Amino acid sequence: MSVHHVEQVMGTVVSIDIVDTDDTSLVGDLVQWFHHVDQVFSPYKENSPISRIGRGELSIDDPELPDSTANEIVDVLERCSSLHTETNGVFDVWSLPSPNGTRFDPCGYVKGWSVECAAALVEQRGFSRYLINAGGDMAMNGLGLDGQPWRVGVRRAEDANALALVVQNDGTRLGIATSGSYERGAH
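A quick note: this is a predicted structure, and the numbers were derived from the prediction, not measured.

(A) Seen up close, helix H4 (residues 107-124). For H4, spanning 18 residues, the distance from its first C-alpha to its last is 25 Å, which sits close to the expected 26 Å at 1.5 Å a residue. Listed in full, the buried residues belonging to H4 are Tyr109, Val110, Lys111, Trp113, Ser114, Val115, Ala118, Ala119 and Val122. Those residues of H4 hidden inside the fold are in contact with strand S2 (12-19), helix H1 (24-41), helix H3 (67-86), strand S3 (130-134) and strand S4 (137-141). The positive-phi residue at the C-terminal boundary of H4 is glycine 126, with phi of around 95 degrees.

(B) Representation of the nonpolar core within the structure. In this structure, Ile18, Phe34, Phe41, Ile73, Trp113, Val122 and Ile132 are the most contacted members of the largest nonpolar core, which totals 39 residues. Mapped onto this core, the elements with two or more residues apiece are strand S1 (2-9), S2, H1, helix H2 (49-54), H3, H4 and S3. No other element matches H1, which puts nine residues into this core. Sequence-distant contacts of isoleucine 132, defined by excluding residues within four places in its chain, comprise Ser15, Phe34, Val115, Ala118, Ala119, Val122, Asp137, Met138 and Ala139. By size, the runner-up hydrophobic cluster in this structure holds seven residues, among which are Val19, Trp150, Val152 and Ile176.

(C) Expanded view of the pattern of salt bridges. Tallied over the entire structure, the rule returns twelve salt bridges. With a closest N to O distance of 3.8 Å, arginine 52 and glutamate 57 form a salt bridge. Among the residues examined, arginine 52 registers a relative accessible area of 17% and is labelled buried. One connected set of salt bridges, linked through shared partners, spans Glu46, Arg52, Arg55, Glu57 and Glu64.

(D) Inspection of the packing of H1 against H3 at higher detail. Running from N to C, H1 and H3 cross one another at 75 degrees; their axes reach a closest spacing of 11 Å. As summarised for this structure, H1 and H3 are arranged roughly perpendicular, according to the angle between their axes. Residues Trp33, His36, Val40 and Phe41 of H1 form the contact with H3, whose participating residues are Thr69, Glu72, Ile73 and Val76. Class assignment for the residues of the contact of H1 with H3 results in five nonpolar, two polar and one charged.

(E) Spotlight on the state of the cysteines. Tallied over the full model, the rule gives zero disulfides. In this structure cysteine 80 is not part of a disulfide, and its nearest cysteine sulfur, from cysteine 107, lies 9.6 Å away. On the basis of relative accessible area, cysteine 107 is assigned to the partly exposed category, the value being 29%.

About the cut-offs
- Residues numbered from 1 in each chain as written.
- Predicted model: local features only at pLDDT ≥ 70, side-chain atom pairs only at ≥ 80, totals over all residues.
- Heavy atoms only, no water.
- Helix = DSSP H or I, 4+ residues; strand = E, 2+ residues; numbered from the N terminus.
- Expected span 1.5 Å × (residues − 1).
- Buried < 20%, exposed > 50% of the residue type's maximum accessible area, 1.4 Å probe, protein only.
- Contact = heavy atoms within 4.5 Å.
- Core = buried A, V, L, I, M, F, W, Y, C linked by side-chain atoms within 4.5 Å.
- Salt bridge = Lys/Arg side-chain N within 4 Å of Asp/Glu carboxyl O.
- Axes fitted to C-alpha atoms, helices over the stretch in contact; angles between N-to-C directions.
- Parallel < 35°, antiparallel > 145°, perpendicular 65-115°, else oblique.
- Nonpolar A, V, L, I, M, F, W, Y, C, P; charged D, E, K, R; others polar.
- Disulfide = S-S within 2.5 Å.

Quick look at the structure:
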């Protein structure tokens, strides 16, 4: 028994596979989570808090921003700041041309973060065999439905129909982040 769901969200396709359950309410909660992340962090949405922060129209301590959302944004921006330091300025969410017309776009971190949060939710609900893929940012744990390790093909950057490599977990938690222009264009 397993649950499989595919959802168009965050400008990409999110697929959710959970083994040893037929609990569709968990999938509903995961789908709701990804749509929430899209509403809050999308630089493609003119009225998202991230777009409004980038334009200087909203601050983290603005009373119209729910505390839980403000906390998520603070957590993301603190990690982005740490990554800026760790990469000697290479990773800089404040210097990217953004679809909303600003130079602020934390999406290079947000999609992977959202997948990790989703994986934590699956595990909090007591399930340890899953694969969540949000357009190339993945978290997997346990074994697949067939009892074998999860296997993920990584496309070649220059040829989306060819594999660069195949990654498989050993039954333990594994995260993968890929990025290619074949998925969302130049970025």
